[in-house]
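As a plain string of letters, each chain reads:
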Amino acid sequence: RFKILISICEEGCMLLESQVPELQTICNMRRKPSDLLYQLRRRGIHLMPSFDDLKYSTCLKEQDIELRVYHDLSLSASSFHFTSDKKNRDLGSDKVCYNIKETGIFAGKDVLETSDLALAYTERDSTSKSAKNASSAVKLPKEYGDIKVNLFQPGSNTFDD
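Structure report, in brief. Everything numeric here is computed off the predicted structure, so don't read it as measured data.

Next up on the list: the nonpolar core. Counting residues in each nonpolar core, the largest one holds nine residues, listed as Cys13, Leu15, Val20, Leu23, Ile26, Cys27, Leu36, Leu40 and Ile45. Elements that contribute at least two residues to this core include exactly strand S2 (12–18) and helix H1 (33–42). Judged by nonpolar contacts, the second largest core, of eight residues, contains Ile65, Val69, Val96 and Ile100.

The following block contains the structure:
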């Protein structure tokens with residue numbers, strides 16, 4: 001493994017430096033992100049992670065939970081902004097949390113004028129604290145799987161541990 005440095009801005013991205021001689025010909029050229037990834041891939045550098053790359057991660061998440069989070073993010077990306085949350089690393093492999101904020105762009109508002117960040121917390125329903133404490137509660141329908149998402153409003157620092 002080695003390090004490469006990429007600059008990302010509104011105008012595109014640029015490979016700034018690399019220790020790999022084969023990459024010198026594409027350094028310091030502004031490109032679309034997809035083009036840079038393609039040029040790197042043509043030179044044997046694959047930056048698109050796969051689940052095989054999990055062994056190099058310090059924050060492993062279970063594949064089905066992570067895929068559910070990606071699916072949920074993709075469905076709501078046009079109306080919400082997302083940021084990572086530092087609590088995510090400490091939750092273990094069966095839980096994921098991130099911050100979510102509604103965008104004001106469609107209402108003609110500045111993004112910063114909209115609501116505060118809420119915390120989205122994804123976990124297995126069958127092992128959640130709420131499922132254990134409310135045994136008579138309605139279970140998720142099978143077509144939803146065993147994964148649920150909870151939203152916690154700003155200032156509310158309570159979620160299943």
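Here we come to H1. Taken residue by residue, H1 has Leu36, Gln39 and Leu40 as its buried positions. When H1 is viewed along its axis, its buried side chains cluster within an angular range of 100° and face the same direction. Opposite the packed face of H1, turned more than 90 degrees from it, sit the exposed residues Ser34 and Arg42. Next to the buried residues of H1 lie strand S1 (4–9) and S2.

For the structure on display, the rule yields two aromatic pairs. Measuring from ring centre to ring centre gives 5.9 Å for Phe82 and Tyr98, while their planes differ by 70°; the resulting arrangement is edge-to-face. With a gap of 16 residues between them, Phe82 in strand S3 (residues 80–84) and Tyr98 in strand S4 (residues 95–102) connect regions that are remote in the sequence. Classification of Phe82 as partly exposed rests on a relative accessible area of 27%. Seen from their ring centres, Tyr121 and Phe152 are 6.4 Å apart, and the 70° between their planes marks the pair as edge-to-face. With Tyr121 in strand S5 (residues 118–124) and Phe152 in strand S6 (residues 147–152), the pair connects residues that are 31 residues apart, well separated along the chain. Comparing Tyr121 with Phe152, the two get one shared label, buried.

Our focus in this paragraph is the side chain of Lys148. The topology assignment puts Lys148 in strand S6. In this structure Lys148 comes out as buried when scored by relative accessible area, which is 12%.

Reading guide: rules and limits
- Residues numbered from 1 in each chain as written.
- Predicted model: local features only at pLDDT ≥ 70, side-chain atom pairs only at ≥ 80, totals over all residues.
- Heavy atoms only, no water.
- Core = buried A, V, L, I, M, F, W, Y, C linked by side-chain atoms within 4.5 Å.
- Buried < 20%, exposed > 50% of the residue type's maximum accessible area, 1.4 Å probe, protein only.
- Helix = DSSP H or I, 4+ residues; strand = E, 2+ residues; numbered from the N terminus.
- Arc of directions from axis to C-beta.
- Contact = heavy atoms within 4.5 Å.
- Phe/Tyr/Trp six-rings, centres within 6.5 Å; stacked < 30°, edge-to-face > 60°.

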